[in-house]
Amino acid sequence: MTYIENSKKEEGCVFCNAQAKPDGTENLIAFRGRSSYVILNRFPYTSGHLMVIPFAHAAGIEELDANTRAEMMELTSRCTTELRQIYKPQGFNVGINMGEAAGAGVLGHVHIHIVPRWAGDTNFMSAVGETRVLPESLEQTYQRVQAAFASTSHTA
């Protein structure tokens, strides 16, 4: 409700704006690598819905250098590892939507979605009411994910 009552269109790229802010619950960045970062989706499909985003503002993966693409895949793998530990999901949806026709919600800045899934997680609320019900707040999810990344010694 706070978001609905106070929402206004953000100027510029939301991903570029987020990476310019200090990490915390305001920008929801859980981990920064050399050329990309992990952030919680502000409008998650499920709890633990993460995204891997390059620091470089690029519309498609082909516009990124090989090292950035490699780091993004390593961070995607690490996200699934950390989310398995935190939420014990039964599966994942992992994908990239490039361009409006492909369903990209943020045009112009490519990113990878990592969505933990459980059998039966699509219920009547999302199917009929077009509303998602999450068992914890974004702030709680952020604390759990950020702590998981901080406690492991993986490099991106």
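Computed from a predicted structure; not experimentally measured. (Residues numbered from 1 in each chain as written. Predicted model: local features only at pLDDT ≥ 70, side-chain atom pairs only at ≥ 80, totals over all residues. Heavy atoms only, no water.)

1. What to know about the overall build of the chain
Convention followed: Each helix is a run of H or I in the DSSP string that is no shorter than four residues. Each strand is a run of E no shorter than two, and both are numbered from the N terminus. Buried means the residue's accessible area, taken with a 1.4 Å probe over protein chains only, is under 20% of the maximum for its type, while exposed means over 50%, and partly exposed covers the values in between. Contacts are residue-level and defined by heavy atoms, with any inter-residue pair within 4.5 Å sufficient.
A tally of helices and strands in the chain yields five helices and five strands. Listing every helix and strand of the chain by position from the N terminus yields α-α-β-β-β-α-β-β-α-α. Per-residue burial for the chain yields a buried fraction of 38% across its 156 residues. In the chain, the share of contacts with a sequence separation of at least 24, taken over all contacts with a separation of at least 6, comes to 62%.

2. Some details on the pairing of strand E1 (residues 29-32)
Quick reminder of the rule: Between any two strands, at least two bridges found by DSSP are needed for them to pair.
Pairing analysis gives three bridges linking E1 to strand E2 (residues 36-40), with the strands arranged antiparallel. Residue pairing across strands places Phe31 opposite Val38, the latter belonging to E2. Hairpin connection of E1 to E2: three residues between the antiparallel strands.

3. Focus: the sheet that holds E1
Quick reminder of the rule: Axes here refer to lines fitted to C-alpha atoms; in helices the fit is confined to the stretch in contact. Angles between the N-to-C directions go from 0 to 180 degrees.
An order of E1-E2-E3-E5-E4 is seen for the five strands of this open sheet, with the pairing classed as antiparallel. Strands with a single pairing partner mark the edges of an open sheet, and in this sheet they are E1 and strand E4 (91-95). The average angle at which neighbouring strand axes cross in this sheet is 20 degrees, direction not considered. Pairing between E4 and strand E5 (residues 112-117): five bridges, direction antiparallel.

4. Some details on the pairing of E5
The buried fraction of E5 amounts to five of the six residues, a majority that puts the element mostly inside the structure. As paired elements, strand E3 (residues 50-54) and E5 share three bridges and run antiparallel to each other. Opposite Met51, over in E5, you have His113 as the bridge partner.

5. A few points about the packing of helix H3 (residues 66-87) against helix H5 (residues 138-151)
Our working rule: Working rule for angles: under 35 degrees goes down as roughly parallel, over 145 as roughly antiparallel, 65 to 115 as roughly perpendicular, anything else as oblique. For any helix crossing, the convention is left-handed if the near helix is rotated counterclockwise from the far helix by under a right angle, and right-handed if that rotation is clockwise. Ten residue types, Ala, Val, Leu, Ile, Met, Phe, Trp, Tyr, Cys and Pro, are classed as nonpolar, four, Asp, Glu, Lys and Arg, as charged, and the remainder, Gly among them, as polar.
Viewed as axis vectors pointing N to C, H3 and H5 meet at an angle of 120 degrees, and their least axial separation amounts to 10 Å. Considered as vectors, H3 and H5 are oriented oblique to each other. The handedness of the crossing between H3 and H5 is right-handed. Side by side, H3 and H5 meet where Arg78, Cys79, Glu82, Leu83, Ile86 and Tyr87 of the first sit next to Thr141, Arg144, Val145, Ala148 and Phe149 of the second. Among the residues making up the contact of H3 with H5, the classes are represented as seven nonpolar, one polar and three charged.

6. Focus on the pattern of salt bridges
Short version of the rule: Criterion for a salt bridge: a side-chain nitrogen of Lys or Arg within 4 Å of a carboxyl oxygen of Asp or Glu.
In total, this model carries four salt bridges according to the counting rule given. Asp23 serves as the salt-bridge partner of Arg32, at 2.7 Å between the closest nitrogen and oxygen. Residue Glu136 is joined to Arg144 by a salt bridge in which the shortest nitrogen-to-oxygen separation is 3.1 Å. When its relative accessible area of 37% is taken as the criterion, Arg144 is described as partly exposed.

7. A short note on the packing of aromatic side chains
Short version of the rule: Under the pairing criterion, centres of Phe, Tyr and Trp rings, with the six-membered ring standing for Trp, must be within 6.5 Å; the plane angle then separates stacked pairs below 30 degrees from edge-to-face pairs above 60, leaving the rest tilted. Only when the NZ of Lys or the CZ of Arg is both within 6 Å of the ring centre and within 35 degrees of the ring normal is a charge said to sit over the ring.
Enumeration according to the criterion identifies two aromatic pairs in this entry. Where Tyr37 meets Phe55, the ring centres are 5.4 Å apart and the plane angle is 25 degrees; that geometry is what we call stacked. Of this pair, Tyr37 sits in strand E2 while Phe55 sits in the loop between E3 and H3, and the two are 18 residues apart along the sequence. Looking at Tyr37, the relative accessible area reads 0%, which means it is buried. Here Arg78 stacks its cationic end above the ring of Phe31, 4.7 Å away from the centre of that ring.

8. Observations regarding unusual backbone geometry
Peptide bonds are, in most cases, trans, and in most cases residues other than glycine have a negative phi. With a phi close to 65 degrees, Leu28 is a non-glycine residue in the positive phi region. Following the sequence through the fold, Leu28 ends up in the loop between helix H2 (14-19) and E1. Judged by its relative accessible area of 2%, Leu28 falls in the buried class. Even without glycine at this site, Lys88 takes up a positive phi of about 55 degrees. Locating Lys88 in the fold gives a position in the loop between H3 and E4.

That is the geometry; function is a separate question.
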